Amino acid sequence: MAILAQLVDDVVVNKTELTKERFIIGRHPDSDIQIKEISVSGEHVLITREKSEFFKDAVEYHIEDQGSTNGTFINDEKISGRRRLLNNDIVRVAWNDFKFIDDTESTLEKTAHILED
């Protein structure tokens with residue numbers, strides 16, 4: 001199971017398991033992770049969990065900014081559209097940092113083969 005670890009000064013202060021198919025981070029009280037900060041939009045970012053099209057028993061996680069004012073970043077790169085989350089990615093929601101941890105991805109990477117044309 002993947003988790004999102006909230007970081008403050010590079011120290012984990014909170015961990016949230018990504019157990020649902022849709023997961024919202026935002027300022028709205030109904031958000032799965034609520035951040036009570038003016039720089040965060042009501043529904044700032046959406047994370048989805050989906051079955052992998054390549055590995056039968058694997059799941060993938062994708063992230064998509066929901067039109068926020070202050071943006072969503074992965075590893076300091078502002079994202080637009082939908083992006084796949086990879087193990088150890090640092091997700092920044094406005095000024096709040098999270099580390100995406102997916103141990104199952106690390107296991108799959110060890111057994112993956114790269115096919116070339």
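Please refer to the structure higher up on the page.
All residue numbers refer to position in the chain's written sequence, counted from 1. Given that the model is predicted, a residue must reach a pLDDT of at least 70 before its local features are reported, and side-chain atom pairs must reach 80 or more before they are shown or counted; all residues, however, enter totals for whole chains, interfaces and linings. In computing side-chain values, all of the structure's heavy atoms are included and hydrogens and water are not.

**A few points about the sheet that holds strand E4 (residues 33-34)**
Strands qualify as paired when DSSP identifies two bridges or more between them. In DSSP terms, a helix is any run of H or I states spanning at least four residues, a strand is any run of E spanning at least two, and both are numbered starting from the N terminus. Within the open sheet, the five strands sit side by side as E4-E3-E5-E6-E9. Their pairing is mixed. Both edges of this open sheet fall to E4 and strand E9 (82-84), since each of them pairs with a single strand only. Direction of pairing for strand E3 (residues 22-26) relative to E4: parallel, over a ladder of two bridges. Bridging from a neighbouring strand, Gly-26 pairs with Gln-34 of E4.

**Some thoughts on the packing of aromatic side chains**
Think of a pair of aromatic rings as described by two things: how far the centres are apart, and how the planes are tilted against each other in angle. Pairing of aromatic rings covers Phe, Tyr and Trp, the last counted by its six-membered ring, and requires centre-to-centre distances within 6.5 Å; plane angles under 30 degrees mean stacked, over 60 mean edge-to-face, and any other angle means tilted. If you walk through the whole model with that rule in mind, you get one aromatic pair. Stacked on the ring of Phe-73, the Lys or Arg Arg-92 has its end atom at 3.9 Å from the ring centre. Charge over a ring is defined by NZ of Lys or CZ of Arg lying within 6 Å of the ring centre and within 35 degrees of the ring normal.

**Section: the nonpolar core**
In this structure, Leu-4, Leu-18, Ile-25, Ile-47, Ile-63, Leu-85 and Val-93 are the most contacted members of the largest nonpolar core, which totals 20 residues. In this analysis, two residues are considered to be in contact whenever any of their non-hydrogen atoms come within 4.5 Å of each other. Sequence-distant contacts of Ile-47, defined by excluding residues within four places in its chain, comprise Leu-4, Leu-18, Glu-21, Arg-22, Phe-23, Ile-25, Tyr-61, His-62, Ile-63 and Leu-85. Working definition of a nonpolar core: buried Ala, Val, Leu, Ile, Met, Phe, Trp, Tyr and Cys residues. They are joined through side-chain atoms within 4.5 Å. A 1.4 Å probe rolled over the protein chains alone gives each residue an accessible area, and that area as a share of the maximum for its type sets the label: buried under 20%, exposed over 50%, partly exposed in between.

**Structural notes on the environment of Arg-27**
On the secondary structure map, Arg-27 appears in the loop between E3 and E4. A relative accessible area of 33% places Arg-27 in the partly exposed class. Beyond its immediate chain neighbours, meaning those up to four positions away, Arg-27 contacts Gln-34, Ile-35, Lys-36, Glu-37, Ile-38, Val-40, Ser-41 and Gly-42. Of the polar contacts made by the side chain of Arg-27, one reaches the backbone oxygen of Ile-38; its length is 3.4 Å. As used in this structure description, the phrase polar contact means that two N or O atoms lie within 3.5 Å; if the pair is within protein, one of them must be able to donate a hydrogen and the other to accept it, and residues adjacent in sequence are counted only when both atoms belong to side chains.

**Let's talk about the pairing of strand E11 (residues 96-101)**
Residues of E11 alternate between two faces, with Asn-96, Phe-98 and Phe-100 buried on one and Asp-97, Lys-99 and Ile-101 left unburied on the opposite face. The pairing of strand E1 (residues 3-8) with E11 spans five bridges and is classified as antiparallel. Directly across from Leu-7, in E11, lies its bridge partner Asp-97. With four bridges joining them, strand E10 (residues 90-93) and E11 adopt antiparallel strand pairing. In the strand pairing of E11, Val-93 is matched with Asn-96. Connecting E10 to the antiparallel partner E11 that follows it, the hairpin turn spans two residues, and Ala-94 within it adopts a positive phi of roughly 55°.

**Focus on the sheet that holds strand E7 (residues 72-74)**
Reading across from one edge, E2-E1-E11-E10-E7-E8 is the order of the six strands in this open sheet, with antiparallel pairing throughout. Two strands close off the open sheet at either side, each with one partner strand: strand E2 (11-17) and strand E8 (77-78).

**Things to note about the environment of Lys-51**
Summarising the element assignment, Lys-51 is placed in strand E5 (residues 45-51). A C-alpha to C-alpha distance of 9.9 Å links Lys-51 and Glu-21, two positions 30 residues apart in sequence. What Lys-51 contacts, discounting residues up to four positions off in sequence, is Ala-58 and Val-59.

**Observations regarding the pattern of salt bridges**
Note on definitions: salt bridges are taken to be side-chain nitrogens of Lys or Arg within 4 Å of carboxyl oxygens of Asp or Glu. Applying the stated criterion across every chain yields a total of five salt bridges. Between Arg-82 and Glu-50 there is a salt bridge, with its nearest N and O atoms 2.3 Å apart. Of this pair, Arg-82 sits in strand E9 while Glu-50 sits in strand E5; the two residues are 32 residues apart in sequence, bridging distant segments of the chain. The class of Arg-82 is partly exposed, set by a relative accessible area of 45%. A residue is classified by how much of its surface remains accessible, and Glu-50, at 30% relative accessible area, is partly exposed. In this structure, the salt-bridge partner of Arg-92 is Asp-76, at a minimum N-O distance of 3.3 Å. A residue pair is termed long-range when its members are at least 10 positions apart, and Arg-92 in strand E10 and Asp-76 in the loop between E7 and E8 qualify at 16 residues. Using a relative accessible area of 66% as the deciding quantity, one classes Asp-76 as exposed.

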